[in-house]
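The chain contents come next:
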Amino acid sequence: MINYIDELNESQRAAVLYNDGPSLVIAGAGSGKTRVLTYKIAYLLESGYEPWSILALTFTNKAAKEMKERIARQVGEQSARYLWMGTFHSVFSRILRTEAASIGFTANFTIYDTSDSKSLIRSIVKEMQLDDKTYKAGAIQSRISNAKNHLISPGAYAMNREMAEHDNACKMGAIGDIYRRYWDRCRQAGAMDFDDLLFYTFILFSEHPDILRKYQEQFKYILVDEYQDTNFAQHNIVLQLSKLRQKVCVVGDDAQSIYSFRGANIDNILKFTKLYQNTQVFKLEQNYRSTQTIVCAANSLIEKNREQIPKEVFSEKSQGDLIGVIQAYSDVEEGDIVSNRIMELRMSQHYGYNDFAILYRTNAQSRIFEEALRKRNLPYKIYGGLSFYQRKEIKDVIAYFRLSVNPNDEEAFKRIINYPARGIGDTTVGKIIEAATSHSVSLWEVLGDPLEFGLNINKGTHTKLQSFRELMETFISMLTEGNAYEVSTAIVKQAGIVNDIYQDRQPENMSRQENIEELMNGIHDFCAMREEEGNENISLSDFLSEVSLLSDQDTDKSTDGEKITLMTIHSAKGLEFRNVFIVGLEENLFPSSMSGDSPRAMEEERRLFYVALTRAEDHCFLSYAKIRLHYGKTEFANPSRFLRDIDTAYLQIPNDSVSSRQSDEPAGRFRREKRERPARSLFNSERETTKQNIINRTVPSNLTKMENIQPKPSSGIAITNLQAGEQIEHERFGIGEVLRVEGSGENLKATVKFRNAGEKQLLLKFARFKVIS
DNA sequence: ATATCAACCCTTTTT
DNA sequence: GGGTTGATAT
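All of the points below concern the structure found in this document. (Residues numbered from 1 in each chain as written. Chains lettered and ligands numbered in written order. Predicted model: local features only at pLDDT ≥ 70, side-chain atom pairs only at ≥ 80, totals over all residues. Heavy atoms only, no water.)

**Structural notes on the nonpolar core**
Side chains of nonpolar character tend, in soluble globular proteins, to be buried together. Counting residues in hydrophobic clusters, the biggest one holds 68 residues, and the most contacted among them are Ile-95, Ile-140, Phe-205 and Leu-241. Looking at which element gives the most residues to this core, the answer is helix H11 (residues 194-207), with seven residues. With residues up to four places along the chain from it excluded, the contact list for Leu-241 reads Leu-55, Phe-205, Leu-212, Tyr-215, Gln-216, Phe-219 and Ile-222. In this structure, Phe-388, Met-472, Ile-516 and Met-520 belong to the second largest nonpolar core, which totals 56 residues. (Core = buried A, V, L, I, M, F, W, Y, C linked by side-chain atoms within 4.5 Å. Buried < 20%, exposed > 50% of the residue type's maximum accessible area, 1.4 Å probe, protein only. Helix = DSSP H or I, 4+ residues; strand = E, 2+ residues; numbered from the N terminus. Contact = heavy atoms within 4.5 Å.)

**Concerning the packing of aromatic side chains**
This structure, assessed with the given rule, holds 28 aromatic pairs. Measuring from ring centre to ring centre gives 6.1 Å for Tyr-4 and Tyr-39, while their planes differ by 80°; the resulting arrangement is edge-to-face. Here Tyr-4 is found in the segment before helix H1 (10-17), whereas its partner Tyr-39 is found in helix H2 (residues 33-46), with 35 residues between them in sequence. Its relative accessible area of 5% is what places Tyr-39 among the buried residues. Measuring from centroid to centroid gives 5.2 Å for Trp-84 and Phe-219, while their planes differ by 70°, and the two rings are edge-to-face. Of this pair, Trp-84 sits in strand E3 (residues 84-87) while Phe-219 sits in the loop between helix H12 (209-218) and strand E6 (221-224), and the two are 135 residues apart along the sequence. (Phe/Tyr/Trp six-rings, centres within 6.5 Å; stacked < 30°, edge-to-face > 60°.)

**Observations concerning helix H9 (residues 161-169)**
Two or three places before Glu-162, at the start of H9, stands the capping residue Asn-160, its side-chain oxygen 3.0 Å from that residue's backbone nitrogen. In the segment just after H9, Lys-171 is the residue with positive phi, at about 60°. (Polar contact = N/O pair within 3.5 Å; in protein donor to acceptor, adjacent residues only side chain to side chain.)

**Some points on unusual backbone geometry**
The step from Tyr-419 to Pro-420 runs through a cis peptide bond, and the omega angle for that step is -10°. Relative to the helices and strands, Pro-420 is located in the loop between helix H20 (410-416) and helix H21 (426-439). Cis geometry is found at the peptide bond from Phe-590 to Pro-591, where omega equals 10°. Along the chain, Pro-591 turns up in the loop between strand E15 (577-582) and helix H30 (599-613). At Gln-129, a residue that is not glycine, the phi angle is positive and equals roughly 55°. With respect to the helices and strands, Gln-129 occurs in the loop between helix H6 (114-127) and helix H7 (137-149). With a relative accessible area of 72%, Gln-129 lands in the exposed category.

**Some remarks on the packing of helix H19 (residues 392-405) against helix H24 (residues 484-494)**
Contact geometry of H19 with H24 gives a least axis separation of 10 Å together with a crossing angle of 115°. Judged by the inter-axis angle, H19 sits roughly perpendicular to H24. In this structure, H19 meets H24 at a crossing whose hand is right-handed. Contacts between H19 and H24 involve Val-397, Tyr-400, Phe-401 and Ser-404 from the former and Ser-488, Ile-491 and Val-492 from the latter. Looking at side-chain class alone, the contact of H19 with H24 contains five nonpolar, two polar and no charged residues. (Axes fitted to C-alpha atoms, helices over the stretch in contact; angles between N-to-C directions. Parallel < 35°, antiparallel > 145°, perpendicular 65-115°, else oblique. Left-handed = near helix turned anticlockwise from the far one by under 90°. Nonpolar A, V, L, I, M, F, W, Y, C, P; charged D, E, K, R; others polar.)

**Brief notes about the packing of helix H10 (residues 175-188) against H11**
Where H10 contacts H11, the axes come no closer than 14 Å and their chain directions differ by 85°. When the axes of H10 and H11 are compared, the pair comes out roughly perpendicular. Contacts between H10 and H11 pair Tyr-179, Trp-183 and Arg-187 from the former with Asp-196, Phe-199, Tyr-200 and Ile-203 from the latter. Of the residues contributing to the contact of H10 with H11, the split by class is five nonpolar, no polar and two charged.

**Focus: the protein's contact with DNA strand B**
Taken together, 26 residues lie around DNA strand B, and Tyr-259, Arg-262, Arg-361, Ser-551 and Thr-568 are the ones closest in. Each atom of DNA strand B within 4 Å of the protein was assigned to sugar, phosphate or base; sugar and phosphate come to 46%. Between DNA strand B and Arg-262, the relevant distance is 2.4 Å, taken from a base nitrogen to a side-chain nitrogen or oxygen of the residue. A distance of 2.3 Å separates a phosphate oxygen of DNA strand B from a polar atom in the side chain of Thr-568. Elements represented by at least two residues in the surface near DNA strand B include exactly helix H28 (552-555) and helix H29 (569-572). Here the surface near DNA strand B is composed, by residue class, of eight nonpolar, twelve polar and six charged. (Near = heavy atom within 4 Å.)

**Focus: the pattern of salt bridges**
Under the counting rule described, the total for this entry stands at 38 salt bridges. Between Asp-229 and Lys-573 there is a salt bridge, and its shortest N-O distance comes to 2.3 Å. One end of the pair, Asp-229, is in the loop between E6 and helix H13 (232-242); the other, Lys-573, is in the loop between H29 and E15, with 344 residues separating them in the sequence. Given the relative accessible area of 7%, Asp-229 is considered buried. Two residues, Asp-396 and Lys-392, come together in a salt bridge whose shortest N-O distance is 2.7 Å. Taken together, the positions of Asp-396 and Lys-392, both in helix H19 and four residues apart, correspond to about one turn of that helix. Residue Lys-392 is classed as partly exposed on the basis of its relative accessible area, which comes to 48%. Overlapping salt bridges, with partners in common, bring together Lys-33, Asp-225, Glu-226, Asp-229 and Lys-573 in one network. (Salt bridge = Lys/Arg side-chain N within 4 Å of Asp/Glu carboxyl O.)

Following this line, the structure appears as structure tokens:
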């Protein structure tokens with residue numbers, strides 16, 4: 001039984017215990033939001049809610065996973081695993097796969113990622129013979145995304161005056177047509193993009209009241225995390241699902257809404273109480289993370305925003321040091337000063353490297369800090385940049401998997417029809433696309449009978465196409481005969497990818513090999529993990545549907561050692577560090593130059609700064625440079641207006657600072673030249689190794705050579721007489737104690753309480769561990 | 001069909 | 001500055 005009195009403060013407890021109707025929890029930064037959510041779910045379970053009747057939606061897989069683990073620790077693995085807890089996208093894709101037939105899809109639909117969508121848009125623009133200078137894929141994509149997030153279908157788009165006006169103003173009057181074609185092509189390919197996962201869920205529920213009813217009845221309680229980041233579509237689906245019972249609890253902080261550029265609408269949280277009558281509002285205002293100085297400074301900053309829910313965040317921790325303001329001559333010097341300050345602070349106050357974070361507005365700023373840290377041999381890790389699944393070699397392999405599972409997948413088709421090179425060029429692909437579009441079939445269907453669709457190709461090409469088709473057909477027939485690991489290994493070998501990648505032994509291609517190996521190891525772990533849990537869904541299709549919604553942050557373990565963290569402020573949301581350096585506080589950088597003209601955008605930048613400040617527990621530093629290299633040009637910069645938004649009582653301002661800013665620009669420039677040149681050439685000569693380092697840092701290092709990849713044998717030894725009370729050491733979960741052993745024969749399973757990983761159910765047939773005496 | 005070079009374009013990015 | 005893309009040459 002959980003002690004809700006001792007472990008929660010008064011407002012947290014009130015929020016946890018109130019479950020009679022809709023509630024809104026305004027959770028200030030560091031106020032124990034996740035704690036409230038997990039305790040609330042635990043409390044619901046204790047009060048008799050079945051786990052599968054609780055729907056909890058988050059924005060990241062990581063958040064969902066963490067919460068699930070914390071709940072499992074409180075109420076046991078058995079209840080926790082049946083909770084409907086996950087990201088909007090993963091939960092809805094699960095529903096959509098079940099109900100696919102009702103909206104004209106099949107259960108194995110592909111999920112297009114951003115680059116798939118862009119590529120499809122590019123080819124549509126080309127086919128429509130529009131000028132791709134005016135019709136830029138990125139811009140069109142964001143228009144389409146925006147439409148979908150507002151639940152506007154191609155049909156509705158065509159009739160929408162506002163949209164048409166906007167498009168005409170941008171000289172892109174054909175976007176409506178492009179949207180229509182894009183929509184049809186996705187359907188033809190059996191594919192949904194990220195936005196479709198939301199839009200089709202909404203459509204499913206609006207067009208099929210019986211299905212909506214089914215889910216309304218199943219989900220007796222709905223919780224939503226980070227509600228300030230929901231968009232119109234997400235908001236409306238929550239509305240649909242909760243309409244019947246009004247048992248809904250949304251948690252968030254309007255002051256931390258920083259994703260409007262992705263369609264998030266802060267009004268959803270601001271107007272929540274208007275939509276749901278009788279909403280109980282709870283405010284969590286005690287900050288347990290930061291010193292009083294940091295909390296007060298952050299309050300004084302956010303006060304400058306107009307639109308917000310009034311709240312008074314306070315801290316009862318010590319007052320702490322003032323926030324240090326650092327002024328540098330150049331961006332390079334900024335890197336030097338910050339690194340030196342980290343060294344000093346670490347020595348004088350015995351911090352570890354992972355007690356430090358450097359947060360910046362744009363990824364481009366990371367390079368200079370990398371350089372400075374590397375020069376001093378300080379360990380660091382960078383988040384962001386190219387994710388594992390976006391690397392070319394990984395996308396190629398995944399495309400084979402995708403096409404096998406869903407042969408209609410157009411983007412996968414185009415990606416691999418000539419990889420490895422088999423003499424099928426752009427002209428041929430163009431003809432296939434044309435035939436497919438004019439007959440309203442998929443590219444794959446054209447391949448089945450090229451002559452039928454009037455494909456004008458010569459004998460040689462015909463043969464090449466047929467052998468590709470036969471290759472794919474062997475893969476398709478393998479799908480049912482093995483698990484994801486077995487099938488994928490076979491595909492990688494038989495498609496000639498192994499040959500292609502392992503041919504050249506040039507050092508820069510070694511990382512490609514390692515990445516493929518890493519992917520294969522990942523698939524192996526995916527199967528092993530599910531088998532151990534007794535989950536039988538380990539086909540390639542199961543792997544794909546999970547992996548397409550996965551991002552890098554989900555896979556990497558943040559526990560990899562003592563390192564300084566470098567990341568954008570956006571990706572730092574939800575995290576905390578003892579010491580935080582917020583860098584590049586200059587006009588046109590932070591706030592970004594793009595937000596100058598709109599007060600709304602400026603408020604969002606200010607919230608972003610608020611998020612950055614409130615990441616710090618002990619110390620916070622703000623730095624800016626007078627000169628910075630911008631797109632290759634040296635530019636002068638003025639200190640950010642945000643420095644003036646913070647009450648000076650909380651700042652430690654250096655002698656010649658904000659007030660006297662036009663002091664010695666020529667000197668600054670001179671300095672830059674002098675230090676810059678050698679540093680840069682040094683960097684250039686080491687560029688390759690830098691890349692290597694980044695890869696090594698982002699990719700876990702348990703690589704095995706390709707030849708050695710094969711299922712690791714399960715222990716198989718002495719597991720039949722495993723007894724409760726014994727200590728075991730598991731390959732992934734570490735050391736734990738056996739609580740129970742149940743079942744017999746094949747289905748023998750043990751419940752083990754691990755020191756670090758919580759309680760797990762292991763199917764002994766598959767589990768890899770050894771008994772420690 | 002590949003290689004090489006010039007032209008382009010730059011925010012943030014949970015899915 | 002730098003990474004990617006597209007046109008051109010071979």
